[in-house]
Amino acid sequence: MNNNNLKQPLFDLEFASKVEPLPADYDPVLIEVFDQDGLLLSVVNKTNLTKQTRPFGHQAIYIAWYFDEQLVFFMVDGKEEPLLNRLQLLAINYSNIIANSN
C-alpha cells in the first residue's frame, strides 16, 4: 500500500486523461480515495479497509480515486461532470451483472 498520505492528482491528470478507460473486468487490488487533505479511504484486496473522517461541514475541493496507483476518477467541487472518469466500462459491466442476477 502506498504510504503517501497526499497524492498530487493534478500532476497525474494530464497522463491519465490520455489513457483508455479501465477494462470492464478490471479488478483492482488497491483502491484509494483522496481529497485535498489526504487519504479518505483505502481498500486492499477488498478486505483491509482504512478510512479517515473529516470534520462536520468539511467541503472537499476535489475527490481523486486511484486504482492500483493509477488515477481513475477526478472530480472538482462545483463542476457538474468529472474532469476524469476511467470507470465507464466497469460501471456498465457491474450494471449488467446486477441486472442479470435478478
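Note that the structure is predicted; figures quoted are calculated from it, not measured.

Asks: What's the story with the overall build of the protein in this structure? I'm lost.
Replies: The helix and strand inventory of the protein stands at 2 helices and 6 strands. Listing the helices and strands of the protein from first to last along the sequence gives α-β-β-β-β-β-β-α. Counting contacts in the protein only where the partners sit at least 6 residues apart, residues at least 24 apart contribute 54% of the total. A total accessible area of about 6,900 Å² is found for the protein, and carbon and sulfur atoms account for 56% of it.

Asks: I would appreciate a short explanation of the side chain of D35 in the present structure.
Replies: Within the fold, D35 resides in strand β1 (residues 30–35). Judged by its relative accessible area of 1%, D35 falls in the buried class. A polar contact is formed between the side chain of D35 and the side chain of R54, at a distance of 2.9 Å.

Asks: For this particular structure, what's the right way to read the pattern of salt bridges?
Replies: A side chain of one charge can pair with a side chain of the opposite charge if their charged atoms are brought near each other. With the rule as written, the count across this model stands at 3 salt bridges. Salt-bridge contacts for K46 lead to D27; the nearest nitrogen and oxygen are separated by 3.0 Å. Of this pair, K46 sits in the loop between β2 (38–44) and β3 (48–51) while D27 sits in the loop between α1 (9–16) and β1, and the two are 19 residues apart along the sequence. Its relative accessible area of 60% is what places K46 among the exposed residues. Of the charged contacts in the structure, one is a salt bridge between R54 and D35, with a shortest N-O distance of 2.9 Å. Residue R54 is found in the loop between β3 and β4 (62–67), and its partner D35 is found in strand β1; the two are separated by 19 residues along the sequence.

The rules behind these values
- Residues numbered from 1 in each chain as written.
- Predicted model: local features only at pLDDT ≥ 70, side-chain atom pairs only at ≥ 80, totals over all residues.
- Heavy atoms only, no water.
- Helix = DSSP H or I, 4+ residues; strand = E, 2+ residues; numbered from the N terminus.
- Contact = heavy atoms within 4.5 Å.
- Areas by Shrake-Rupley, 256 points an atom, 1.4 Å probe, with all protein chains shown as cover.
- Buried < 20%, exposed > 50% of the residue type's maximum accessible area, 1.4 Å probe, protein only.
- Polar contact = N/O pair within 3.5 Å; in protein donor to acceptor, adjacent residues only side chain to side chain.
- Salt bridge = Lys/Arg side-chain N within 4 Å of Asp/Glu carboxyl O.

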